[in-house]
Amino acid sequence: MQLSGKQILHAVPSRVWALLTDSETLARIVPGITKLEKTGDHFFISTLEIKIGPVSGYFTGNLRLEDIEEPSSFTLKAQQNSKLGNANAAIKVRVVPAGDIKTELAFDGDAKLSGLLASMGQRVMGGVANTLIKQFFSNMDKELEKFTHA
């Protein structure tokens, strides 16, 4: 399943980068994360709870940041397991200046699903993915607002 998206954020690239690479912030902006524990430089153990439409379940696994080119890009690799099936993803994240105090946050990658997740079909899982992407960008905007109103 292909995952991609982009959005203009009202913040300088260094602020966006700092939020994306901070485990406490990631736990707040990535939809469904109930626990994110840093286990090393750019390595995390995660627990997610996803409840959207027909998809509901707990996932445990790990996240890691690779190919880091500070402050402009990294690859997020995730392995998540649940009774519903497994998800493995590799997503390239780019932070690009887009004006005086604006940044384009873009990502592109794919997720491989197995088990019941894979049998639900591309259409259902694509809808779930789009909802999660919208939640992510909404959560990111809320985090950035904390700094503009502080």
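Attention here is on the structure that accompanies the text. (Residues numbered from 1 in each chain as written. Predicted model: local features only at pLDDT ≥ 70, side-chain atom pairs only at ≥ 80, totals over all residues. Heavy atoms only, no water.)

Points about the overall build of the protein
In plain terms, the rule: Numbering of helices and strands starts at the N terminus; helices are DSSP runs of H or I of at least 4 residues and strands are runs of E of at least 2. Atoms considered for the radius of gyration are the C-alpha atoms alone. The globule rule reads 2.2 Å times the number of residues to the power 0.38.
Counting its regular elements, the protein contains four helices and seven strands. Reading the protein from its N end, one meets helices and strands in the order β-α-α-β-β-β-β-β-β-α-α. For 150 residues, the compact-globule estimate of 2.2 N^0.38 gives 15 Å, and the C-alpha radius of gyration of the protein, at 15 Å, lies within 12% of that figure. On the principal axes, the C-alpha backbone points of the protein span a range of 45 × 35 × 30 Å.

Some remarks on the side chain of Ser46
Where we set the bar: Partly exposed residues are those whose accessible area sits between 20% and 50% of the maximum for their type, while under 20% is buried and over 50% is exposed, using a 1.4 Å probe and protein chains only. Distance and chemistry together define a polar contact, namely a pair of N or O atoms within 3.5 Å, with one atom able to donate a hydrogen and the other to accept it when in protein, and with adjacent residues in sequence counting only for side-chain atoms on both sides. Contact criterion: two residues are considered in contact whenever any of their non-hydrogen atoms come within 4.5 Å of each other.
By secondary structure assignment, the location of Ser46 is in strand E3 (residues 43–52). When its relative accessible area of 1% is taken as the criterion, Ser46 is described as buried. At 2.8 Å, the side chain of Ser46 and the side chain of Gln80 are in polar contact. With near-sequence residues (within four places) excluded, Ser46 lies in contact with Lys35, Leu36, Phe59, Thr60, Gly61, Asn62, Leu63 and Gln80.

Points about the packing of aromatic side chains
To be explicit about the condition: Two aromatic rings from Phe, Tyr or Trp, using only the six-membered ring of Trp, form a pair when their centres are within 6.5 Å; if the ring planes differ by under 30 degrees the pair is stacked, by over 60 it is edge-to-face, and anything between is tilted.
Considering all chains together, one arrives at three aromatic pairs under this definition. Pairing Trp17 with Phe74 gives two aromatic rings, centres 5.5 Å apart and planes at 75°, and the pair type is edge-to-face. You can see Trp17 sitting in helix H1 (residues 13–20) and its partner Phe74 sitting in strand E5 (residues 73–82), a full 57 residues away along the chain. Ring plane angle 35° and centroid distance 6.0 Å describe the contact between Phe107 and Phe137, whose orientation is recorded as tilted. Of this pair, Phe107 sits in strand E7 (residues 103–113) while Phe137 is found in helix H4 (residues 122–148), placing the two residues 30 residues apart along the sequence. Relative accessible area serves as the criterion here: at 12%, Phe107 is assigned to the buried category. Linked through ring pairs, Phe107, Phe136 and Phe137 together constitute an aromatic cluster.

With respect to the environment of Ser114
In this structure, Ser114 sits in the loop between E7 and helix H3 (116–119). Judged by relative accessible area, which is 30%, Ser114 ranks as partly exposed. Sequence separation between Ser114 and Asn81 is 33 residues; the distance between their C-alpha atoms is 9.5 Å.

Observations concerning the side chain of Gln80
Relative to the helices and strands, Gln80 resides in strand E5. Not counting the four nearest positions on each side in its chain, Gln80 is found in contact with Ser46, Leu48, Phe59, Thr60, Gly61, Asn62, Leu63, Gly85, Asn86 and Ala87.

A short note on the environment of Ile8
Mapped onto the fold, Ile8 is located in strand E1 (residues 2–9). Excluding anything up to four places from it in sequence, Ile8 contacts Ala98, Lys102, Thr103 and Glu104.

So, the pattern of salt bridges
Should the charged atoms of two oppositely charged side chains come close, the side chains can pair. This is how the line gets drawn: When a carboxyl oxygen of Asp or Glu lies within 4 Å of a side-chain nitrogen of Lys or Arg, that pair is called a salt bridge.
Inspection of every chain in the model, using the stated rule, returns six salt bridges. Between Glu37 and Lys35 there is a salt bridge, with the nearest N and O atoms lying 3.7 Å from each other. Between Lys146 and Glu143 there is a salt bridge, with its nearest N and O atoms 2.9 Å apart. Residue Lys146 and its partner Glu143 are located together in helix H4, separated by three residues, close to a single helical turn. Take Glu143: its relative accessible area is 6%, and that puts it in the buried class. Look at the salt bridges and you will find they share partners, linking Arg28, Glu143 and Lys146 into a network.

Geometric descriptors of this kind do not, in isolation, establish any biological role.
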